[in-house]
Amino acid sequence: MIDEVDLRMKAWVGRIATEAPVYLGVPDRESLDRGVCLYLLELGPAPLTRAGKRGALQFTVCYLVTVGAETPERAHRLLGDLVFAAMSDKELEVDLSPVPAALWAGLRSVPRPAFRLRVQVRKEKPLAEVRCLSLVDGASAPAPLLGRVVGPGDVPIRGAWVALPELQLSTRTDAQGQFHFPRLPPVESLGRLEVRAEGEMLAVESEVLATGTAPLIIRMPVKEE
């Protein structure tokens, strides 16, 4: 995932500094003389959302951006162009705080004007798998399908969406987390059961479904508040 961000950032620089080569290594004499250096400095947490939580499966990468050119004036102009372009991009965060002298010493590089650029790295969250599925009774005689959706600590989840896609049936859980399909057609298989709640999706395959008077207990892998 980070390598994809590297390519994206190189392309971004290329649109601004059309004739300058882009380097991803440590700022050195080669990039000091001519070019833009994007040095991957560190990784960090994703920013907080409005709800005060960090998004799932994402973090930030921080690049140290330095510029070199044939003359100091051209290097300074290009550096300013990059800063303003980054400030105009809503997916980039510019950090203009001073670069500590200890960092330059650690990189064994000559101190120079620079800024830090932070970019989010995201990965789609995989669909949740069945964590715990239990039947109070193993009866499998044809009957309405009853169930209950709970979260951590067996706390009922209200308003969870429960569906049997192959039968085109769906419902929502009540305040006690219960759902009920009162009329099921006479079919050999109900297909899989899908449950969606609090941003998670859980699929129960037909092999583990059963009908009867006892409820089906489904525990969703949702995070506690």
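Here, the structure is the one placed above.
Here's what I pulled together on the structure shown here.

**Some details on the packing of helix α1 (residues 2–16) against helix α3 (residues 72–87)**
Step number 1: Where α1 meets α3, the axes come as close as 10 Å, and the angle between the chain directions of the two elements is 120 degrees. Comparing the axis directions of α1 and α3 gives the class oblique. Considering only the axes of α1 and α3, their crossing is right-handed. Between α1, through Trp12, Val13 and Ile16, and α3, the contact on the second element is made entirely by Asp81, Leu82, Ala85 and Ala86.
Step number 2: The residue inventory of the contact of α1 with α3, partitioned by class, reads six nonpolar, no polar and one charged.

**Section: the packing of aromatic side chains**
Step number 1: Applying the stated criterion across every chain yields a total of one aromatic pair.
Step number 2: Seen from their ring centres, Phe179 and Phe181 are 6.1 Å apart, and the 65 degrees between their planes marks the pair as edge-to-face.
Step number 3: Relative accessible area serves as the criterion here: at 4%, Phe181 is assigned to the buried category.

**Let's talk about a nonpolar patch on the surface**
Step number 1: On the surface, a nonpolar cluster with roughly 350 Å² of combined accessible area is contributed by Phe84, Met87 and Leu96.
Step number 2: Here Phe84 shows up in helix α3.
Step number 3: Relative accessible area serves as the criterion here: at 58%, Phe84 is assigned to the exposed category.

**Comments concerning the pairing of strand β12 (residues 200–204)**
One face of the sheet, then the other: side chains in a regular strand alternate in exactly this way.
Step number 1: Of all five residues that make up β12, five are buried, and the element is covered over most of its length.
Step number 2: Of the two faces of β12, the one carrying Glu200, Leu202 and Val204 and the one carrying Met201 and Ala203 are both buried.
Step number 3: As defined by bridge partners, strand β11 (residues 193–197) adjoins β12 across five bridges and the pair is classed as antiparallel. Residue pairing for β12: Ala197 is matched across the bridge by Glu200.
Step number 4: In this structure, the hairpin formed by β11 and β12 is closed by a connection of two residues, where Glu198 is found at a positive phi of approximately 50 degrees.

**Some thoughts on α3**
Step number 1: Along its 16 residues, α3 runs 23 Å from first to last C-alpha, staying within 8% of the 22 Å computed at 1.5 Å per residue.
Step number 2: For α3, the set of buried residues is Ala75, Leu78, Leu79, Leu82, Val83 and Ala86. Down the axis of α3, the sector holding all buried residues measures 140 degrees, keeping them to one side. Those residues of α3 that are exposed and aimed more than 90 degrees away from the buried face are Glu73, His76, Arg77 and Phe84.

**Describing the sheet that holds strand β4 (residues 92–95)**
Step number 1: Sheet architecture is open: five strands sit in the order β1-β2-β3-β5-β4, paired in mixed fashion. Bordering the open sheet on either side are β1 (22–23) and β4, each of which pairs with just one other strand.
Step number 2: Strand direction decides the pairing type here: strand β2 (residues 35–45) and strand β3 (residues 58–68), joined by ten bridges, are antiparallel. When the bridges of β3 are listed, Leu40 appears paired with Tyr63.

Conventions adopted
- Residues numbered from 1 in each chain as written.
- Predicted model: local features only at pLDDT ≥ 70, side-chain atom pairs only at ≥ 80, totals over all residues.
- Heavy atoms only, no water.
- Axes fitted to C-alpha atoms, helices over the stretch in contact; angles between N-to-C directions.
- Helix = DSSP H or I, 4+ residues; strand = E, 2+ residues; numbered from the N terminus.
- Parallel < 35°, antiparallel > 145°, perpendicular 65-115°, else oblique.
- Left-handed = near helix turned anticlockwise from the far one by under 90°.
- Contact = heavy atoms within 4.5 Å.
- Nonpolar A, V, L, I, M, F, W, Y, C, P; charged D, E, K, R; others polar.
- Phe/Tyr/Trp six-rings, centres within 6.5 Å; stacked < 30°, edge-to-face > 60°.
- Buried < 20%, exposed > 50% of the residue type's maximum accessible area, 1.4 Å probe, protein only.
- Patch = residues over 30% accessible without salt bridge, like charges linked within 9 Å, V, L, I, M, F, W, Y side chains within 5 Å.
- Areas by Shrake-Rupley, 256 points an atom, 1.4 Å probe, with all protein chains shown as cover.
- Salt bridge = Lys/Arg side-chain N within 4 Å of Asp/Glu carboxyl O.
- Pairing = 2+ DSSP bridges.
- Expected span 1.5 Å × (residues − 1).
- Arc of directions from axis to C-beta.

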